[in-house]
Amino acid sequence: MMTRKELNIFFWTALSMILLVACSKNNETEQDESPWNKNNTVTIQFYSRLNNETLFQTSSYTELVNQLQNQPHRVAILHCADASLNTANQLNPTVSIAAQAGKVPLFNKSSLSDNEVRGSGVLIGHTTTEMKTLPVADGCTWFSIPTYGSPILFMSFSTISFEEGTHISPGATIIRENIDDETVMIGTINKTLREQLESEFPSEIYRFVSIEGTSSANSQAIFILTTKRWIVRESTEIQIDNKKISSFQIQVEKLE
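Because the structure is a prediction, the values reported are computed rather than measured. (Residues numbered from 1 in each chain as written. Predicted model: local features only at pLDDT ≥ 70, side-chain atom pairs only at ≥ 80, totals over all residues. Heavy atoms only, no water.)

Peer 1: Provide a residue-level description of the nonpolar core, including the pertinent values.
Peer 2: Counting residues in hydrophobic clusters, the biggest one holds 26 residues, and the most contacted among them are Val75, Val122, Phe157, Ile186, Ile222 and Ile250. Non-local contacts of valine 122, meaning those with residues more than four positions away in its chain, are made with Val75, Ala76, Ile77, Thr94, Val104, Pro105, Leu106, Phe143, Ile145 and Phe157. Ranked by size, the runner-up nonpolar core spans 20 residues in total, among them Ile168, Ile174, Ile189 and Ala221. (Core = buried A, V, L, I, M, F, W, Y, C linked by side-chain atoms within 4.5 Å. Buried < 20%, exposed > 50% of the residue type's maximum accessible area, 1.4 Å probe, protein only. Contact = heavy atoms within 4.5 Å.)

Peer 1: Got a sec to walk through the pattern of salt bridges? Specific residues and values, please.
Peer 2: What the rule picks out here adds up to seven salt bridges. The salt bridge involving arginine 49 is made with aspartate 241; its shortest N-O contact spans 3.6 Å. Of this pair, arginine 49 sits in the loop between strand 2 (41-48) and helix 2 (62-70) while aspartate 241 is found in the loop between strand 14 (230-240) and strand 15 (245-254), placing the two residues 192 residues apart along the sequence. Relative accessible area serves as the criterion here: at 9%, arginine 49 is assigned to the buried category. One continuous salt-bridge network, built from bridges that share partners, spans Lys191, Arg194 and Glu212. (Salt bridge = Lys/Arg side-chain N within 4 Å of Asp/Glu carboxyl O. Helix = DSSP H or I, 4+ residues; strand = E, 2+ residues; numbered from the N terminus.)

Peer 1: Give me the environment of leucine 134: which residues, what numbers.
Peer 2: In this fold, leucine 134 is placed in strand 7 (residues 132-137). Residue class for leucine 134 comes out partly exposed when judged on its relative accessible area of 27%. Leucine 134 sits 26 residues away from asparagine 108 along the chain, and the two C-alpha atoms are 9.9 Å apart.

Peer 1: Please give an account of the packing of aromatic side chains that cites residues and values.
Peer 2: Tallied over the entire structure, the rule returns five aromatic pairs. Between phenylalanine 56 and tyrosine 61 the ring centres are 5.1 Å apart and the planes differ by 75°, which places this aromatic pair in the edge-to-face class. Overall, the relative accessible area of 5% leaves tyrosine 61 in the buried class. Arranged with centres 5.7 Å apart and planes meeting at 80°, the rings of tyrosine 148 and phenylalanine 154 form a pair that is edge-to-face. (Phe/Tyr/Trp six-rings, centres within 6.5 Å; stacked < 30°, edge-to-face > 60°.)

Peer 1: Outline helix 4 (residues 168-178), listing residues and values.
Peer 2: Ile168, Gly171, Ala172, Ile174 and Ile175 are the residues of helix 4 that are buried. The arc that holds every buried residue of helix 4, seen down its axis, measures 160°, which confines them to one face. (Arc of directions from axis to C-beta.)

Peer 1: Residues and numbers for the pairing of strand 11 (residues 183-190), please.
Peer 2: Burial of strand 11 is extensive: eight of the eight residues sit out of reach of the surface. Of the two faces of strand 11, the one lined by Thr183, Met185, Gly187 and Ile189 and the one lined by Val184, Ile186, Thr188 and Asn190 are each fully buried. Examined bridge by bridge, strand 10 (residues 161-162) and strand 11 share two bridges and lie parallel to one another. Each bridged residue has a counterpart across the sheet, and for phenylalanine 162 the counterpart in strand 11 is isoleucine 189. Between the parallel pair strand 10 and strand 11, the chain is carried across by helix 4, and the sense of this crossover is right-handed. Both strand 11 and strand 13 (residues 220-227) contribute to a ladder of six bridges, which runs antiparallel. Note on strand 13: the bridge partner recorded for methionine 185 is leucine 225. (Pairing = 2+ DSSP bridges. Right-handed = clockwise from strand over helix to strand, strands pointing away.)

Peer 1: For the packing of helix 2 against helix 3 (residues 93-101), give the residues involved together with the corresponding values.
Peer 2: A pair of packed helices is captured by two measures, namely the crossing angle of their axes and the spacing between those axes. Where helix 2 meets helix 3, the axes come as close as 9 Å, and the angle between the chain directions of the two elements is 50°. Considered as vectors, helix 2 and helix 3 are oriented oblique to each other. The crossing of helix 2 and helix 3 is right-handed. Listed contacts from helix 3 to Leu64, Val65, Leu68 and Gln69 of helix 2 are Ile97, Gln100 and Ala101. (Axes fitted to C-alpha atoms, helices over the stretch in contact; angles between N-to-C directions. Parallel < 35°, antiparallel > 145°, perpendicular 65-115°, else oblique. Left-handed = near helix turned anticlockwise from the far one by under 90°.)

Peer 1: Describe helix 3, listing the residues and the values that go with them.
Peer 2: Within the sequence span of helix 3, burial applies to Pro93, Thr94, Ile97, Ala98 and Ala101. Each buried residue of helix 3 lies within a common arc of 130° when the element is viewed along its axis, so the set occupies one face. Looking one or two places after helix 3, you find glycine 102, whose phi comes out positive at around 75°.

Encoded structure:
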C-alpha cells in the first residue's frame, strides 16, 4: 500500500501531466547601440515577495488576476506559489489564478511534505505537450517549456531558484547543458550568492542580469540568464497586495 507521501507525489505528477495537455524602472537593464526591436521582444511577468515566503497568504487573488489580464505578457511566474495538501483545505493558488485569468497553469515543484508542495507556478497562454524538469537538490529544480515570446518568436523558457550555496555548482551544470540561443531563463537567487552564480557563466558567452526589488527587506534578487543573442531592455516594478508582493514586467529582446 502506498504511503501518504507517495500518494501526494503521485497526485502532483498526475496533475502536471493533465495540465500539460489540457511602475519604476530599475536595475541592470543593458545598453546596446542597436535600436530596440519590440517585435522581437518577449514580455515576462514575475510575482514574488523576494524573501522565500509563500506568495499568497490569503485566497484572494483579484489584484494579481487584474494585472495578468490587463498587462500584456507571454509568461508569468508566481514565485513560491506553494500549494496546501491539508485534507480539510486543499488549495492550489496557481490553478485558481489560471482559471480566473484564462491561462494554462504549470508547476515547478521544489520540495514536498505531507501537508505542502513548495514551488512556483508558471502561467502560459496555450496548452503544451512538453515540459522538462531536472532536480538539483531538495528545494531546487530546473524547469523548462517551449513557448512563443511573440506570434513569430519561438523561445525555450526556463526557471530555477537558488537559496543554498551548495546548489549552485550542480544547478549551473544543468543550466549550461540545456541553454542555447533560444533560451530565456528567469529565476531567483539569494543576494549573498549572486556573485557565486554569475561566476559560473562567462560574460564572453552569456548575459547575466540581476534585478532587485525596491524594498530593503528583500533577501532575494531576480536574475535573467541568456546567451548573447538576447538582451534585457527594460524592467519595471509595481507593488500589489498592500505592497507585500512585487510585480515585475521584464522585456527581453532577441537580437538579429
